[in-house]
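Each chain, letter by letter, is given below.
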Amino acid sequence: MGYFGAAGAPDLSYASYLRVAELLSQQRCVSEPAEHDELQFIVVHQVFELWFKLLLHELDAVGVHLAGGSDEDVREAERLLGRVAAVERVLQGSLHVLETMRPIDFLRFRDRLKPASGFQSAQFRELEFLAGIRDETLLPLVRGEATAEARLRRRLGEPSLGERFFACLRRRGFDAPEGEPGRGARVAALRRIYEEPSRFPLEYALAEALAEFDEQLTLWRQHHVAMVERVIGGKIGTGAAVTGAREGVRYLRTTLDRKAIPELWEVRATIGGGP
Ligand code: HEM
């Protein structure tokens, strides 16, 4: 443990630096007596929240580099997006842990969770809002969590990841205007990049890193809905009371087409000519 207890911080240890005792005291089962599978259920969700925290941190830094817009900034944004995608892959992998839970074992404590649901994850919504997937009607879900609501409102007032990306392209000489009327021109700007990747290598690599972020988010949604169907089938979600009785898997399927930066997907149909 060479990193801990270095000169200048003689009291620092692995446990005190990482607050291991505090971390390990945060898993409280609601089943009584505790059901065996509830601990894995809590741990997986808590781990997700930690990764969400890191994703927000990294994407904020990506935003700063996009605002900078220099060659070095673009390279750094791309590098950090590589980390973001690595975390997103870990999130998908974590769902395998839940897939080891037998439906009958989940039912032993599932009723105790009502009306809580991943649907209420403020950090997940923050991630969506930052990315540009913004459904303001979801704000009441985090009402009561004062800081969460403030953070979500702040995100709504900030440019999305896509808006920052196109502002970066403008700074680098592309005609990529803001707003809905500028959408066609933004796709055309991307088309220049996608038709001549070797002429615009930095912009191309950045665009692909953002597409990777978006694709990994979709893959997470797909894996989550498949896992949910495997565990609860067509049952309605535990969050039904607060989510307006959305219908579990059927609701989740409606989210699969959400895209953070739709232009990055539209451009692919426009290049090279032909249908
Ligand atoms: C056995 C495990 C799980 C089941 C059965 C499950 C089930 C569901 C269901 C049915 C919904 C739809 C909303 C509702 O009706 O409540 C939902 C939404 C959601 N769940 Fe899960 N989930 C599980 C694990 C997880 C995990 C580990 C996470 C990670 C944080 C998560 C995050 C979410 C999120 C973010 C939503 C909202 C998705 C959206 O609106 O696009 N879920 N879940």
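Bear in mind that the values here come from a model prediction, so they are computed numbers and not experimental data. Going along each chain's sequence as written, the residues are numbered from 1 onward. At least 70 in pLDDT is required for a residue's local features to be given in this predicted model, at least 80 for side-chain atom pairs to be given and counted, and no such filter applies to totals for whole chains, interfaces and linings, which use all residues. Side-chain descriptors were evaluated using all non-hydrogen atoms of the structure, hydrogens and water having been removed beforehand.

S.K.: Run through the overall build of the protein, naming residues and quoting values.
M.R.: Runs of E in the DSSP output that reach at least two residues are strands. Runs of H or I that reach at least four are helices, and both are numbered from the N terminus. Helices and strands together make up the secondary structure of the protein, namely 13 helices and zero strands. Secondary structure elements in the protein, listed N-terminal to C-terminal, are α-α-α-α-α-α-α-α-α-α-α-α-α. With the principal axes as the frame, the protein shows a C-alpha extent of 65 × 55 × 35 Å. Only protein chains enter the accessibility calculation, which uses a 1.4 Å probe; a residue is then buried when its area is under 20% of its type maximum, exposed when over 50%, and partly exposed in between. Looking at the protein as a whole, 42% of its 275 residues qualify as buried. The contact criterion used is simple: two residues touch if any of their non-hydrogen atoms lie within 4.5 Å. The long-range fraction of contacts in the protein, counting pairs at least 24 apart against all pairs at least 6 apart in sequence, stands at 72%.

S.K.: How would you explain the coordination of the iron atom of the ligand if you had to name every residue and give the values?
M.R.: Ligating atoms shown are N, O and S within 2.8 Å of the metal, or 3.2 Å for Na, K and Ca, and water is not included, meaning a site may look less than complete. Counting protein donors around the iron atom of the ligand gives one, H224 (NE2), at 2.2 Å. Summarising the element assignment, H224 is placed in helix α10 (residues 201-232).

S.K.: Break down the site of the ligand for me, citing the residues and quoting the values.
M.R.: In this text, near means that some heavy atom of the residue lies within 4 Å of the molecule or strand in question. Around the ligand, the surrounding shell holds 27 residues, and the nearest of these are S117, R125, H224, G239 and Y251. Here an oxygen atom of the ligand and a side-chain polar atom of R125 are 2.7 Å apart. N or O atoms within 3.5 Å of each other form a polar contact, as long as, within protein, one can give a hydrogen and the other can take it, and as long as residues adjacent in sequence are counted only when both atoms are side-chain atoms. Between the ligand and Y251, the relevant distance is 2.5 Å, taken from an oxygen atom to a side-chain nitrogen or oxygen of the residue. Residue assignment for the shell around the ligand shows that the elements contributing at least two residues are α3 (38-68), α6 (122-131), α10 and α12 (248-254). Amino acids are sorted into nonpolar (Ala, Val, Leu, Ile, Met, Phe, Trp, Tyr, Cys and Pro), charged (Asp, Glu, Lys and Arg) and polar (every other residue, Gly among them). When its residues are assigned to classes, the shell around the ligand shows 14 nonpolar, nine polar and four charged.

S.K.: Quick rundown of unusual backbone geometry? Include the residues and the values.
M.R.: With an omega of -5 degrees, the peptide bond running from E32 to P33 counts as cis. One non-glycine residue, R19, lies in positive phi territory at about 50 degrees. Along the polypeptide, R19 turns up in the loop between α1 (14-18) and α2 (20-24).

S.K.: Account for the domain arrangement of the protein, naming residues and giving values.
M.R.: Domain parsing of the protein yields domain 1 (1-30) and domain 2 (38-270). Residue ranges assigned to each domain were obtained from an automatic or database domain assignment. The C-alpha centroid of domain 2 is placed 31 Å from the C-alpha centroid of domain 1. Its largest share of buried area at the contact with domain 2, domain 1 owes to Q27, C29 and V30, together 80% of the area lost on that side. Whenever a carboxyl oxygen of Asp or Glu lies within 4 Å of a side-chain nitrogen of Lys or Arg, that contact is scored as a salt bridge. Counting every contact that joins domain 1 to domain 2 gives zero salt bridges. Joining two parts hides part of their accessible area as seen by a 1.4 Å probe, and the buried area is that hidden amount summed over both.

S.K.: Quick one: what's the story with the environment of I271, residue by residue and with numbers?
M.R.: In this structure, I271 sits in the segment after α13 (262-270). Among the residues examined, I271 registers a relative accessible area of 27% and is labelled partly exposed. Along the chain, I271 and R192 lie 79 residues apart, while their C-alpha atoms are 8.7 Å from each other. Sequence-distant contacts of I271, defined by excluding residues within four places in its chain, comprise R191, Y194 and E195.

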